[in-house]
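Below are the chains, spelled out letter by letter.
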Amino acid sequence: MNSTAMRTHMCGELRDAHIGSTVSLCGWVARRREHGEKLAFVDLRDHSGIVQCVVDNDVDVRSEYVIRVTGVVRARPEGTVNANLPTGTVEIGDCQVEVLNIAEPPPFPVDQRADEVDEGIRLRYRYLDIRRERMQKNLRVRALVNSAIRREMESNGFLEVETPLLMPSTPEGAREFLVPSRKEPGSFFALPQSPQLWKQLLMVSGIDRYYQIAKCLRDEDLRADRQYEFMQLDAEMSFVSQDDVLENIGRAVVAAAKAVTGEEPPTIQRITWLEAMNRFGVDKPDMRFGMELVELTHVFSGTEFKAFAGAESIKGIRVDAKVYPDAAASGRNKLDALTDRAKKVGAKGLVWIKVGPDGTVESPIAKFLSEDEIRSLVTAMEAQSGDLVLIVADNWDTTCEVLGTLRNDIGRPPVHEGPYAYVWVTEFPLFVGVDPVSGTPRPGHHPFCHPHPDDISLFDTDPLKVRALAYDLVLNGWELGSGSIRIHEPELQRRVFNLLGISDEEADKRFGFFLQPFRYGAPPHGGFAFGIDRLTAILAGEENIREVIAFPKTQSGADPMTSAPTPVENSHLAELGLRLLPPPATS
RNA sequence: GGUCCCGUGGUGAAGUUGGAGUUCACGCCGGCCUGUCAAGCCGGAGGUCGCGGGUUCGAGUCCCGUCGGGACCGCCA
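Residues numbered from 1 in each chain as written. Chains lettered and ligands numbered in written order. Predicted model: local features only at pLDDT ≥ 70, side-chain atom pairs only at ≥ 80, totals over all residues. Heavy atoms only, no water.

- In UniProt, chain A has this text filed under Sequence similarities (unreviewed entry): "Belongs to the class-II aminoacyl-tRNA synthetase family. Type 1 subfamily." (UniProt positions renumbered as here; feature names shortened; annotations may be inferred.)

Structure below.
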């Protein structure tokens, strides 16, 4: 399969079994070791690996020259086997070397040492960076993920349908990239944040099970886990319950993980949003480690301590001295830093308690607590001597969020470290908070999420308590993706819009092209989408999705290799009916 | 929009409380070398210390600004 007109084998595949065969190999010069005019060792590299070629005639080859070597595979002489190379028991002898192309010295070593090179430089010369084993591996992991997902989705009856990149702008959600229209100056296409609207229309169209490995584009600030453009497995199913969606998407994730690691990943756990918040303080819990939030409100129900008295929610986390000896032994400076961190996240303050031997405690607030309270606290926290307990008393949201943040700060391992902890988070709230201007609830996911059928009665009385048939998939504390059962009944959709403060007319104006088809018979349906880049990064052992993207952007949204984005000629703009504003004045 | 970290030959790093023409390793160029494998030995070239301004007798070092890279907050329905 690997042989071509120019080569018979790949460098990395040669083993003892090939000894005696004459081979032709093509690749790049990884290194050369010269021993005078009549002996040189050339390490030849292609994507499969490296093999040593012994050259006993005078050839001038240098790093990254592209060469073709023809010679005979032979066993290495006694004592010269290289255990560090998979091909280390053999070498290519009697080499005829043909230089196919010369090369300038590369700006950085094209091997593991480039892991230490500034990422901006790696990106400027990405085509060289990708020659390295690490990037070759990562891109191949990515391809495995994609092909496993395709195979699994298709074997489960999903049909791949491609959807447009050029679509109307919709004001909701993430900031869009705009594409000016040449034929209609002043009008614009938007690039899709996701194929959300298209896939729901495909359900109306009777496609039944749709999937696509789709490019999504969002003009939001970049992060280790966020790029302007990213890939999602996007899927939608008709006549399903939430369980149907979770099972099918779960199979695709499992298939991808298995394709990469060779092992069946652990069962994907399920947890409700409420439980996730109560136990982990976040809606994307990293379940690889403990330090769960402990409910303490009842412990201090009759307390004299002002900061605790009457607090809606009091919770604590225990920093186990056996697991986190450094954090548990934090001195005053570190504790102050933790307090600052807690305040930045929204807490009024942070109470710390160091547990000593025999139930003694050390804390700035110890004198305000009764012995009973201290005893109950230590018992509730299951605290041992040396442990550090951190307590927040506030409204429920703040208490959860602050402790969830501190828990992650103190205990969270790098995202790519095992074990893999997949979890479905279900029953997200339909609305999150209230718009400060209009006073109406804000959608938690998007306005087409189906409310939990048990909660419809709360619509008029307590809308913020309404749960949605919405769910996230979380891996090691990263949100891989989310989905929901959608509203297919126009009447229910109108009720949700009205709660959101969107009138019928306004809904029609904003989402008309999307809502009108639903009048022609929309099946009950639901779906999901998860990020291929994030899943691939974790499976590849990387903590940054740039490492699994061939040509990513930097955090500032630029490409150091192509210099994009670049200015364009005024004539180019004029053709699109555009003119630039003067640059903003700098004071 | 904000907080924090980084920027010194091609690459990675060192450079003390501000003090001579910045140092080291790798790489590069030349020479030697027949069993190396990050080969070895000898010699050589290569710098706007990101950029601009300020403080100072004197700035890689201190201050301000700016550009670039990174982590995070906001943002990502």
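### Some details on the packing of helix 3 (residues 133-155) against helix 5 (residues 242-261)
Geometry of a packed helix pair, given as the angle between the helix axes and the separation of the axes.
Inference 1: At their nearest, the axes of helix 3 and helix 5 sit 8 Å apart, and the two run at 140 degrees to each other. Looking at the two axes, helix 3 sits oblique to helix 5. Between helix 3 and helix 5 the crossing geometry is right-handed. From helix 3, Val141, Leu144, Val145, Ala148, Ile149, Glu152 and Met153 reach across to helix 5, where they touch Arg251, Ala252, Ala255, Ala256, Ala259 and Val260.
Inference 2: Among the residues making up the contact of helix 3 with helix 5, the classes are represented as eleven nonpolar, no polar and two charged. (Axes fitted to C-alpha atoms, helices over the stretch in contact; angles between N-to-C directions. Helix = DSSP H or I, 4+ residues; strand = E, 2+ residues; numbered from the N terminus. Parallel < 35°, antiparallel > 145°, perpendicular 65-115°, else oblique. Left-handed = near helix turned anticlockwise from the far one by under 90°. Contact = heavy atoms within 4.5 Å. Nonpolar A, V, L, I, M, F, W, Y, C, P; charged D, E, K, R; others polar.)

### Some details on the UniProt feature "domain: Aminoacyl-transfer RNA synthetases class-II family profile" (unreviewed entry) in chain A
Inference 1: Look at the UniProt record and you will see "domain: Aminoacyl-transfer RNA synthetases class-II family profile" (unreviewed entry) annotated at residues 139-552.
Inference 2: What you have in residues 139-552 is 31% helix and 21% strand, and the ends, taken at the C-alpha atoms, are 12 Å apart.

### Some remarks on the protein's contact with RNA strand B
Inference 1: If you check the shell around RNA strand B, you find 45 residues, and the closest are Arg31, Arg62, Thr80, Glu91 and His445.
Inference 2: Of all RNA strand B atoms lying within 4 Å of any protein atom, the proportion belonging to sugar or phosphate reaches 50%.
Inference 3: A distance of 3.4 Å separates a phosphate oxygen of RNA strand B from a polar backbone atom of alanine 224.
Inference 4: Measuring from a sugar or linking oxygen of RNA strand B, one finds a backbone N or O atom of histidine 446 at 3.4 Å.
Inference 5: Elements represented by at least two residues in the surface near RNA strand B include exactly strand 1 (22-34) and helix 1 (119-124).
Inference 6: Of all the elements, strand 1 adds the most residues to the surface near RNA strand B, at four residues. (Near = heavy atom within 4 Å. Polar contact = N/O pair within 3.5 Å; in protein donor to acceptor, adjacent residues only side chain to side chain.)

### Quick look at helix 8 (residues 332-345)
Inference 1: Its 14 residues place the ends of helix 8 20 Å apart at the C-alpha level, agreeing with the 20 Å of an ideal helix rising 1.5 Å per residue.
Inference 2: Residues Leu335, Leu338, Thr339, Ala342 and Val345 constitute the buried set of helix 8. Down the axis, helix 8 shows its buried residues gathered within 120 degrees of arc, on one side only. Turned more than 90 degrees away from the buried face of helix 8 sit Asn333 and Lys344, all of them exposed.
Inference 3: Tucked into the core, helix 8 has its buried residues touching strand 14 (351-355), strand 16 (388-394) and helix 10 (396-411).
Inference 4: Within two residues after helix 8, glycine 346 carries a phi angle of roughly 130 degrees, on the positive side. (Expected span 1.5 Å × (residues − 1). Buried < 20%, exposed > 50% of the residue type's maximum accessible area, 1.4 Å probe, protein only. Arc of directions from axis to C-beta.)

### Quick word on the domain arrangement of chain A
Inference 1: According to the domain assignment, chain A consists of domain 1 (11-101), domain 2 (136-271 + 423-548) and domain 3 (290-411).
Inference 2: Using only C-alpha atoms to locate each centre, domain 1 and domain 3 end up separated by 63 Å. (Domains from an automatic or database assignment.)

### Comments concerning the side chain of arginine 288
Inference 1: Mapping arginine 288 onto the fold places it in the loop between helix 6 (273-280) and strand 12 (294-295).
Inference 2: In this structure the side chain of arginine 288 is engaged in a polar contact, spanning 2.9 Å, whose partner is the backbone oxygen of proline 414.
Inference 3: Looking at arginine 288, its side chain comes within polar contact range of the main-chain oxygen of glutamate 417, at 2.7 Å.
Inference 4: Apart from the residues within four sequence positions on either side, arginine 288 is in contact with Arg412, Pro413, Pro414, Val415, His416, Glu417, Gly418, Pro419, Ala421 and Asn476.

### Describing the pairing of strand 18 (residues 431-434)
Inference 1: Bridge count between strand 18 and strand 19 (residues 441-443): two bridges; the pairing is antiparallel. Each bridged residue has a counterpart across the sheet, and for valine 434 the counterpart in strand 19 is proline 441.
Inference 2: Count of turn residues in the strand 18/strand 19 antiparallel hairpin: six residues, of which glycine 439 carries a positive phi of about 80 degrees. (Pairing = 2+ DSSP bridges.)

### Points about helix 5
Inference 1: Taking 1.5 Å per residue, 20 residues should reach 28 Å; helix 5 reaches 28 Å between its end C-alpha atoms and fits that length.
Inference 2: Regarding helix 5, the residues found buried are Gln242, Val245, Leu246, Asn248, Ile249, Gly250, Ala252, Val253, Val254, Ala255, Ala256 and Ala257.
Inference 3: Within two residues after helix 5, glycine 262 carries a phi angle of roughly 80 degrees, on the positive side.

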